[in-house]
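Descriptive structure summary
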Amino acid sequence: MIQVAILGFGVVGGGVAKVLEENAALLRARFQTDVSLKYILDIRDFTGHAMAQRIVRDFSTIEKDPEISVVFEAMGGVHPALEYSLAAIRAHKSVITSNKELVAHHGQLLLREAATAGVRYLFEASVGGGIPIIRPLSDCLAANRVTSVTGIMNGTTNYILTQMEKNGASFSDALSDAQARGYAERDPSADIDGVDTCRKLCILADLAFGYQVDPARVLCEGIRRITEQDISDASDAGYRIKLLGHVRETASGIVPIVAPFFIKKTHILSGVSGVFNGIGVVGNMVGETMFFGHGAGSAPTASAMVGDLIEALERPSTPVGWSDTAPDHFVQDAKTLAFSRYARFVSPTKAQKEAILDAADAVLRDKDGTLSVILKPMDAQTCEVFLASIMPASPESVIRIFVPGEYVPEE
Ligand SMILES: NC(=O)c1ccc[n+]([C@@H]2O[C@H](COP(=O)([O-])OP(=O)(O)OC[C@H]3O[C@@H](n4cnc5c(N)ncnc54)[C@H](OP(=O)(O)O)[C@@H]3O)[C@@H](O)[C@H]2O)c1
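Conventions used here
- Residues numbered from 1 in each chain as written.
- Predicted model: local features only at pLDDT ≥ 70, side-chain atom pairs only at ≥ 80, totals over all residues.
- Axes fitted to C-alpha atoms, helices over the stretch in contact; angles between N-to-C directions.
- Helix = DSSP H or I, 4+ residues; strand = E, 2+ residues; numbered from the N terminus.
- Left-handed = near helix turned anticlockwise from the far one by under 90°.
- Contact = placed C-beta atoms within 7 Å.
- Near = placed C-beta within 6 Å.
- Nonpolar A, V, L, I, M, F, W, Y, C, P; charged D, E, K, R; others polar.
- Buried ≥ 20, exposed ≤ 12 C-beta atoms within 10 Å, placed from the backbone.
- Core = buried A, V, L, I, M, F, W, Y, C linked by C-beta atoms within 7 Å.
- Pairing = 2+ DSSP bridges.
- Domains from an automatic or database assignment.

A look at the packing of helix H1 (residues 11–22) against helix H12 (residues 298–314)
- Viewed as axis vectors pointing N to C, H1 and H12 meet at an angle of 65 degrees, and their least axial separation amounts to 8 Å. Like other packed secondary-structure pairs, H1 and H12 cross with a definite hand, here right-handed. Judged by residue contacts, Val 11, Val 12, Gly 14, Gly 15, Val 16, Lys 18, Val 19 and Leu 20 of H1 engage Ser 298, Ala 299, Thr 301, Ala 302, Ser 303, Met 305 and Val 306 from H12.

Take a look at the structure:
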């Protein structure tokens, strides 16, 4: 019999328990033995719950039980999830997590400890929920030099942007709707400020490029300032606005960015709507690949975690991941990239308008005192200098335009 424990009996932990119970016969057929959920660690009161007898409050019960071979960590946060995960690994138990914050910040340490202990630290559920992306990237695409990864990795923000486009909703109304449906948390800042996408992008960059990428080094912007007018200008010009995580290789490293982008309606990521996620990986041999599906939710996320159980038991000591910290200058500042940008100005003077048109490739709207243009490609500093030069007509809005494959900074 295989005995396992769950840390955190919330949305994801509850999903893992459900998959283990409902798909018990399927797992028994795979392993030729039963998988038994022996303990659930949680701080809440589960009196009367069908699984109440398995609830424990003290992590050391799990740590010290030699019968437990695999621990599912679904508590979230860094502490005490880090300490519990390290203790479980050092007690020779494989750890399976959905906790992107922990993997993005401490994955290198946890993978190294797991390799030393001869067990697995697995995190398929930490990016893209139920979408297989971690093992495809680390195994199936391993014959490639990955040249870029681009994705919509946060269902909450994608739902908000989709509602704004489909129903003409304001950002705050779309956010309230997402909260009412349980897609956004009461404090939605990690989602809408791009932090969640940034953590996931760093995990994918770690795997694709072999070094731990510190989220603090990634240019990260969210969607708080996107307005109905931005969405409508984008749509009229054949674009949608999407919060993208993007990282590409350069001659001497990589350049990651998380930001809202105009993306052509004809691009496959433009069709990823609502709470769905989509992640594209480009490899030098395979070309373009795309992964799509439910990026969150109890059952999809648990599906990825129980998939990791199979991996942990069938390949118990093959470390997957990255082992080194990135050398200096490996992670480059996305401010060096030259982007075309959408910019909207209100009531520019004649002279300001002339300067704006001189710097523009296309005019999207010139009506009722509003001038919306697509500015010629420029890096962040050149753009700042240009906008400062035409003050006080500072733009109402500036949003980068995504053109696949075109952002190689000058070395
Ligand atoms: N929800 C999703 O769809 C989803 C998808 C992918 C990844 N994730 C990630 O999965 C992790 C869990 O998310 P979730 O949505 O399942 O969270 P959740 O519903 O809040 O569940 C977490 C559970 O762990 C408990 N807990 C917290 N600290 C604990 C501690 N020190 N000891 C014991 N129990 C503790 C919580 O109790 P209290 O409520 O009392 O704090 C709660 O019952 C997070 O890292 C999240 O980012 C979630």
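Next comes the rest of the account.
Observations regarding the site of the ligand
- In the vicinity of the ligand there are 22 residues, among which Gly 8, Gly 10, Val 12, Gly 76 and Ala 296 approach most closely.
- For the shell around the ligand, the element with the highest residue contribution is H1, accounting for three residues.
- Tallied by class, the residues present in the shell around the ligand amount to ten nonpolar, nine polar and three charged.

Describing the environment of Phe 330
- Secondary-structure assignment places Phe 330 in the loop between strand S14 (324–325) and strand S15 (339–346).
- For Phe 330, a count of 17 C-beta atoms within 10 Å gives the class partly exposed.
- As for Phe 330 and Glu 249, which are separated by 81 residues in sequence, their C-alpha atoms are 9.6 Å apart.
- Each residue touching Phe 330, except ones within four places of it in the same chain, is listed here: Tyr 211, Gly 253 and Ile 254.

Quick notes on the nonpolar core
- Counting residues in each nonpolar core, the largest one holds 115 residues, and the members touching the most others are Val 16, Ala 205 and Phe 262.
- In terms of residue count, helix H10 (residues 195–209) provides more of this core than any other element does, ten residues in total.
- Discounting chain neighbours no more than four positions away, the residues touching Val 16 are Ile 6, Phe 72, Ala 74, Ala 302, Met 305 and Val 306.

Concerning the sheet that holds strand S6 (residues 121–122)
- Spatially, six strands are ordered S3-S2-S1-S4-S5-S6 in an open sheet, and the strand pairing comes out parallel. Only two strands of the sheet have a single partner each, and these edge strands are strand S3 (55–56) and S6.
- Note: strand S5 (residues 94–97) against S6, two bridges, orientation parallel. Bridged to Ile 96 within S6 is Leu 122.
- Sitting on the sheet, H12 is in contact with strand S1 (2–7), strand S4 (68–73), S5 and S6, with an inclination near 160 degrees to S5.

Some thoughts on the domain arrangement of the protein chain
- Assigned domains of the protein chain: these are domain 1 (2–126), domain 2 (134–293) and domain 3 (338–401).
- The distance between the C-alpha centroids of domain 1 and domain 2 comes to 28 Å.
- Contacts between the two partners involve nine residues from domain 1 and, on the opposite side, nine residues from domain 2.
- Looking at side-chain class alone, the side of domain 1 that touches domain 2 contains three nonpolar, three polar and three charged residues.

A look at the pairing of strand S7 (residues 146–152)
- Where burial is concerned, most of S7 is hidden: five out of the seven residues are buried.
- Two elements, S7 and strand S12 (residues 276–283), share six bridges in a ladder whose sense is antiparallel. Bridge pairing in S12 links Ile 152 to Gly 278.
- Across four bridges, S7 lies against strand S10 (residues 239–249) in antiparallel orientation. When the bridges of S10 are listed, Gly 151 appears paired with Gly 245.

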